[in-house]
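Structure assessment
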Amino acid sequence: MRKETDFQRDFSVGKVWTNIAAQAVPLTVAQLVQLLYNIVDRIYIGHLPGVGSLALTGIGITFPITTLILAFANLFGTGGAPLFSIERGAKDEEKARNIMGNVFTMILIASVILMTFCYMLRVPMLYLFGASNDTILYAESYLRIYLFGVLFSMIVTGMNGFISALGFPRTAMWTTIIGAVLNLILDPVFIFGLSWGVKGAAAATVISQCVSAVWVMHFLIAGKTTITLKMRYLKLKSSIVLRVLGLGVSGFMQQATNCLVQIVCNVTLQAYGGDLYVGIMTIINSVREIASLPITGISNGGQPVLGYNYGAKKPDRVKEGIRFMAITGIVYTATMWLVIELFPAAFIRIFSNDAQTIALGAKALRIYFMGFVFMSLQFMGQSTFVGLGKSKQAVFFSLLRKVVIVVPLTIFLPMLMGLGTNGVFIAEPISNLIGGLACFITMYRIVYRRL
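Along each chain, numbering runs from 1 in the same order as the chain's sequence is written. At least 70 in pLDDT is required for a residue's local features to be given in this predicted model, at least 80 for side-chain atom pairs to be given and counted, and no such filter applies to totals for whole chains, interfaces and linings, which use all residues. Heavy atoms throughout the structure, all of them, feed into the side-chain values; hydrogens and water do not.

1. Description of the overall build of the protein chain
Labels follow the DSSP assignment, with helices taken as runs of H or I lasting at least four residues and strands as runs of E lasting at least two, numbered in each case from the N terminus. Of regular secondary structure, the protein chain possesses 17 helices and zero strands. Across its three principal axes, the protein chain shows a C-alpha extent of roughly 60 × 45 × 45 Å. By residue count, 60% of the 451 residues in the protein chain fall in the buried class. Two residues qualify as a contact provided that any one of their heavy atoms is within 4.5 Å of a heavy atom in the partner residue. Here the analysis covers contacts within the protein chain between residues at least 6 apart in sequence; of these, 82% occur between residues at least 24 apart. Methods summary: accessible areas were calculated by the Shrake-Rupley approach with a probe of 1.4 Å, and residue burial reflects only the protein chains presented. Summing over all exposed atoms, the protein chain offers an accessible surface of approximately 17800 Å²; the carbon and sulfur share of this is 69%. Positive residues here are Lys and Arg, negative ones are Asp and Glu, while His and the chain termini are left out of the count. Positions of charges follow a simple convention, taking NZ of Lys, CZ of Arg, CG of Asp or CD of Glu. Positive and negative side-chain charges in the protein chain, numbering 35 and 18 respectively, have mean positions lying 9 Å apart. Buried, partly exposed and exposed residues are distinguished by accessible area as a fraction of the type maximum, computed with a 1.4 Å probe on protein chains only: under 20%, between the cut-offs, and over 50%, respectively.

2. Points about the side chain of Gln255
Within the secondary structure, Gln255 sits in helix α10 (residues 238-272). Gln255 sits in the buried class, given a relative accessible area of 15%. Apart from the residues lying within four places of it in its own chain, the contact partners of Gln255 are Thr67, Leu70, Ala71 and Asn74.

3. Thoughts on the packing of aromatic side chains
Geometry of aromatic contacts follows a simple scheme: Phe, Tyr and Trp rings, the Trp one being its six-membered ring, pair when their centres are within 6.5 Å, and the pair is stacked under 30 degrees between planes, edge-to-face over 60, tilted otherwise. One pass over the structure, following the stated rule, counts 13 aromatic pairs. Arranged with centres 6.5 Å apart and planes meeting at 35 degrees, the rings of Tyr277 and Phe425 form a pair that is tilted. With Tyr277 in helix α11 (residues 275-311) and Phe425 in helix α17 (residues 421-448), this residue pair connects regions lying 148 residues apart in the sequence. Residue Phe425 is classed as buried on the basis of its relative accessible area, which comes to 0%. Seen in terms of ring centroids, Phe396 and Phe397 are 5.0 Å apart; in terms of plane orientation they differ by 85 degrees. Their pairing is edge-to-face. With relative accessibility at 48%, the residue Phe396 sits in the partly exposed group. Phe397 gets classed as buried once you look at its relative accessible area, which sits at 4%. Pairwise contacts between aromatic rings join Tyr368, Phe369 and Phe372 into one cluster. The criterion is that NZ of a Lys, or CZ of an Arg, lies within 6 Å of the ring centre and within 35 degrees of the ring normal, and then a charge sits over that ring. Between Lys319 and the ring centre of Tyr448, over which it is positioned, the NZ or CZ distance is 4.9 Å.

4. Here's the deal with the pattern of salt bridges
What counts as a salt bridge is simple: a side-chain nitrogen of Lys or Arg found within 4 Å of a carboxyl oxygen of Asp or Glu. According to the stated counting rule, one finds seven salt bridges in the structure shown. Residue Arg42 is joined to Glu289 by a salt bridge in which the shortest nitrogen-to-oxygen separation is 3.2 Å. Placement of the pair is Arg42 in helix α1 (residues 16-46) and Glu289 in helix α11, with a sequence separation of 247 residues. On the basis of relative accessible area, Arg42 is assigned to the buried category, the value being 3%. For Glu289, a relative accessible area of 22% corresponds to the partly exposed category. Between Arg97 and Glu94 there is a salt bridge whose closest N-O contact spans 3.6 Å. Of this pair, Arg97 and Glu94 both sit in helix α4 (residues 93-120), three residues apart, which is roughly one turn of the helix.

5. Some words on unusual backbone geometry
Located in the positive-phi region is Ser195, a residue other than glycine, with phi close to 60 degrees. Tracing the backbone through its elements, the reader meets Ser195 in the loop between α8 (169-193) and α9 (198-222). For Ser195, a relative accessible area of 61% translates into the label exposed.

6. Quick notes on the nonpolar core
Within the largest apolar cluster, 131 residues are counted, with the highest numbers of intra-cluster contacts made by Ile65, Phe84, Val103, Met154, Met159, Leu220 and Phe425. Top element by residues in this core is α11. It accounts for 14 residues. Setting aside residues up to four positions removed in sequence, Met159 forms contacts with Met100, Val103, Phe104, Ile107, Met154, Val216 and Leu220. Note on terminology: a nonpolar core comprises buried Ala, Val, Leu, Ile, Met, Phe, Trp, Tyr and Cys residues joined through side-chain atoms within 4.5 Å.

7. Looking at empty space enclosed by the protein
A cavity here means a set of points on a 1 Å grid, drawn over the protein atoms and nothing else, where a 1.4 Å probe fits but cannot get out; a pocket is an open set with protein on both sides within 12 Å along at least five of seven lines, and a residue lines either one if it has an atom within 4 Å of a point. Grid points are joined across faces, edges and corners, and a volume is the space filled by probe spheres set on the points. This structure, assessed with the given rule, holds two cavities of 30 Å³ or more. Under the convention adopted here, Pro, Cys and the residues Ala, Val, Leu, Ile, Met, Phe, Trp and Tyr are nonpolar, Asp, Glu, Lys and Arg are charged, and Gly plus all remaining residues are polar. Within the lining of the second largest cavity, the residues separate by chemical class into four nonpolar, one polar and two charged.

8. Looking at the packing of α11 against α17
Two numbers describe a pair of packed helices, the interaxial angle and the distance between the axes. The axes used here are C-alpha line fits, helices contributing only the stretch in contact, and every angle between their N-to-C directions lies in the interval 0 to 180 degrees. It is the contact of α11 with α17, at a shortest axis distance of 11 Å, that shows an interaxial angle of 20 degrees. Classed by the angle they form, the pair α11 and α17 counts as roughly parallel. When you trace α11 past α17, the crossing you get is right-handed. Residues Tyr277, Ile280, Met281 and Ile284 of α11 touch α17, and the partners they reach there are Thr421, Val424 and Phe425. For the contact of α11 with α17, the class distribution of residues is six nonpolar, one polar and no charged. Angles below 35 degrees are treated as roughly parallel, those above 145 as roughly antiparallel, those between 65 and 115 as roughly perpendicular, and all remaining angles as oblique. Should the near helix be turned counterclockwise from the far one by less than a right angle, the crossing is left-handed, whereas a clockwise turn marks it as right-handed.

9. A look at the confidence of the model for the protein chain
The pLDDT score gives, residue by residue, the confidence of the prediction method on a 0 to 100 scale. Averaged over every residue, the pLDDT of the protein chain is 85; the share at 70 or more is 95%. Here residues 1-8 scores under 50 on pLDDT; set against residues more than four positions off or in separate chains, the count is 13 contacts.

10. A word on the environment of Ala291
Within the secondary structure, Ala291 sits in helix α11. On the basis of relative accessibility, which here comes to 1%, the residue Ala291 falls in the buried class. Sequence separation of Ala291 and Phe374 is 83 residues, and the distance between their C-alpha atoms is 14 Å. Those residues in contact with Ala291 that lie beyond four places of it in its chain are Tyr332, Met336, Ile340, Phe369 and Phe372.

Structure follows, in structure tokens:
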């Protein structure tokens, strides 16, 4: 069996589905471990004696800010990595080096600006995003420490994709495994052992992300590849910056619109259901993140393969990759939807032992996941557009599902027919149905049929 260092990194040879799977499996494992950073925090916090529900709600109030930071990391990472793959496929390593160097510089600049801005305005932002006088203490305590790890978080999210695009998905997987294992060790020590509560969860996350960031930088600087990160490629070039931002705006909008939806959901749920329902949405978001991991891994793993073959002028292999991603995604999301429909309370109990939270949360979870299968169509369409460098279409469908469909429905459905909080949860399956079908059908007509 070949070691990863001996792996043939030419995605234009071999079976397309095995190339995608070789990328997707380690990425999915890596993303699962990455998710443990936040999920484990929420599980521990949700079970704090006496204050678990309020503390968990406080953590949920910080989601829009942490999602905004992730959005900027995706702006550079999902914009740079596909272009990097396309240039590698075209055998232009000099352009590939410049792309990677410019992305790193943009991450450095953005992290300083974001950390400063969010730290100075953290309290008014948290109130704006749905905090109450009971939950602000927990939200502010967590965020104040978390913000000191913005640079580390953005390096891990924005630069790890280049390791995968170079053909080292297992190394990319270890980026998050190392940090997450450390987080798993530090969480109980800081939260319970030192009695730091939510502050301990934030501190464990920052330290773990720092270690992961060091791992990424060590590989990109001293890795055994022909393309490494060097000082002379860090100087920004307007042509590269514009290309990266033009393509990365899709990944940015996907997360930025998630941020907007989280804000609207929290504020609406606070108005109709109070802190209890904001806490339930925190749990549902956590379950959604877990359930979406494999489909995210397939779509992200397919992007460098599609981009490489597109750059290598092999349209049949691109079409084969799209077919594999679509079929796999539909089968998985249909299966996951069935599991959640049958056992909703089991997922809520992971995060809370409160009887009322479990009862109301199980009902809300089943409503929220009704259209989950259509989300796979959105993911596959988006990933194809991004992988082939078609930024305009990717941006349009990011905005369509979240801004045009979800936000208005979240605001207005609770007012109709006494739906109340149920209206917030119904907005998600409706958006998945309309947005997913529109994105996938458009991709099929303007990309797949023309290849």
